[in-house]
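Chain and residue survey
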Amino acid sequence: MHKRPKKRTIGRRELVDFPELELFEIEAKVDTGAYTSALHCTDIREEKLADGSIVIRCKFMDESHPNYNNKVFEFREFALRDIKNSFGDVQQRYVIKTAVQVFDKVMEAEFSLSDRSDMRYPVLLGRVFLNRHFIVDVSRKNVAYKRRLKLEQKKREAGQS
């Protein structure tokens, strides 16, 4: 019989890392009502390369965000999907796969790209991402981040003795 990995508990908000995008400690809203996860980006555009292939380019976060680095990222692998927004309207959005770190675990996940500048949190973690890995405790916040800080503190203390 195949044993399922134990699900870890996370809070209603978490600080997550996107190592491939050079984004660290980004505040994410854990949203069990959302199907797809979303990542705030600006200046998103599709471009045709000299070889005829299509890429999308964008910048993550925006000038008002402390983690904004003004870097343009390029994705050769992407999808264009219909995504229902928080108001129930269907929008076409680009979807990419990227690594996201929660606790000490780095997972590949899909994120729709959208301008979330009018939203409180630049990242939304939806059901597809949460499903096999996490249980959400809405009374808690930053469970994964606090755990990581505690482990880092233990490592430092062990190195000093």
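All of these numbers come straight from a predicted model, not from anything done at the bench.

A short note on the overall build of the chain
Counting its secondary structure elements, the chain contains two helices and 11 strands. Traced from its N-terminal end to its C-terminal end, the chain shows the element sequence β-β-β-β-β-β-β-β-β-β-α-β-α. C-alpha extents for the chain along the principal axes are approximately 55 × 40 × 35 Å. Considering the chain as a whole, with its 161 residues, one finds that 42% of them fall into the buried category. Of all intrachain contacts in the chain linking residues separated by at least 6 positions in sequence, the fraction that spans at least 24 positions is 55%. When the accessible surface of the chain is split by element, carbon and sulfur atoms take 47% of a total near 10300 Å². Positive and negative side-chain charges in the chain, numbering 32 and 25 respectively, have mean positions lying 9 Å apart.

Observations regarding a positive patch on the surface
Positive charge collects at one region of the surface, where R12, R140, K141 and K146 lie side by side. Structurally, the position occupied by R12 is in the loop between β1 (8-11) and β2 (13-18). On the basis of relative accessible area, R12 is assigned to the partly exposed category, the value being 33%.

Focus: the packing of aromatic side chains
Taken as a whole and judged by the stated rule, the model has six aromatic pairs. Members of the aromatic cluster, each reached through a chain of ring pairs, are F60, F73 and F75. Directly above the ring of F103 sits R8, whose terminal nitrogen or CZ lies 3.8 Å from the centroid.

Examining the pairing of strand β5 (residues 54-60)
Across the seven residues that make up β5, a large majority, six, are buried. Judged from the six bridges that link them, strand β4 (residues 37-48) and β5 form a sheet pairing that is antiparallel. From the neighbouring strand, E46 faces β5, where its bridge partner is I56. Between β4 and β5, which pair antiparallel and follow one another directly, the connecting turn spans five residues, one of which, G52, has a positive phi of 95 degrees. Where β5 and strand β6 (residues 73-75) come together, three bridges link them in antiparallel fashion. When the bridges of β6 are listed, R57 appears paired with E74.

A closer look at the pattern of salt bridges
A side chain with one charge can pair with a side chain of the opposite charge if their charged atoms come near. For the structure on display, the rule yields 11 salt bridges. Ionic pairing is found between R45 and E47, a salt bridge with its closest N-O pair at 2.7 Å. Exposure remark for R45: the relative accessible area of 30% places this residue in the partly exposed category. Judged by its relative accessible area of 23%, E47 falls in the partly exposed class. Overlapping salt bridges bring together D43, R45, E47, R57, E74 and R76 as one network.

Considering the side chain of R57
The residue R57 is located in strand β5 in this model. Of the polar contacts made by the side chain of R57, one reaches the side chain of E74; its length is 2.5 Å.

Observations concerning the UniProt feature "domain: Retropepsin-like aspartic endopeptidase" (unreviewed entry) in the chain
Residues annotated by UniProt as "domain: Retropepsin-like aspartic endopeptidase" (unreviewed entry) correspond here to residues 10-146. Along residues 10-146 the backbone is 6% helical and 54% strand, and the end-to-end C-alpha distance reaches 11 Å.

Considering the confidence of the model for the chain
With 97% of its residues at a pLDDT of 70 or more, the chain shows a mean pLDDT of 92. Averaged over each element, pLDDT in the chain is lowest for helix α2 (residues 143-160) (88) and highest for strand β10 (residues 123-125) (97).

About the thresholds
Residues numbered from 1 in each chain as written. Predicted model: local features only at pLDDT ≥ 70, side-chain atom pairs only at ≥ 80, totals over all residues. Heavy atoms only, no water. Helix = DSSP H or I, 4+ residues; strand = E, 2+ residues; numbered from the N terminus. Buried < 20%, exposed > 50% of the residue type's maximum accessible area, 1.4 Å probe, protein only. Contact = heavy atoms within 4.5 Å. Areas by Shrake-Rupley, 256 points an atom, 1.4 Å probe, with all protein chains shown as cover. Lys, Arg positive; Asp, Glu negative; His and termini not counted. Charge placed at Lys NZ, Arg CZ, Asp CG, Glu CD. Patch = residues over 30% accessible without salt bridge, like charges linked within 9 Å, V, L, I, M, F, W, Y side chains within 5 Å. Salt bridge = Lys/Arg side-chain N within 4 Å of Asp/Glu carboxyl O. Phe/Tyr/Trp six-rings, centres within 6.5 Å; stacked < 30°, edge-to-face > 60°. Lys NZ or Arg CZ within 6 Å of the ring centre and 35° of its normal. Pairing = 2+ DSSP bridges. Polar contact = N/O pair within 3.5 Å; in protein donor to acceptor, adjacent residues only side chain to side chain. UniProt positions renumbered as here; feature names shortened; annotations may be inferred. pLDDT = per-residue confidence, 0-100.

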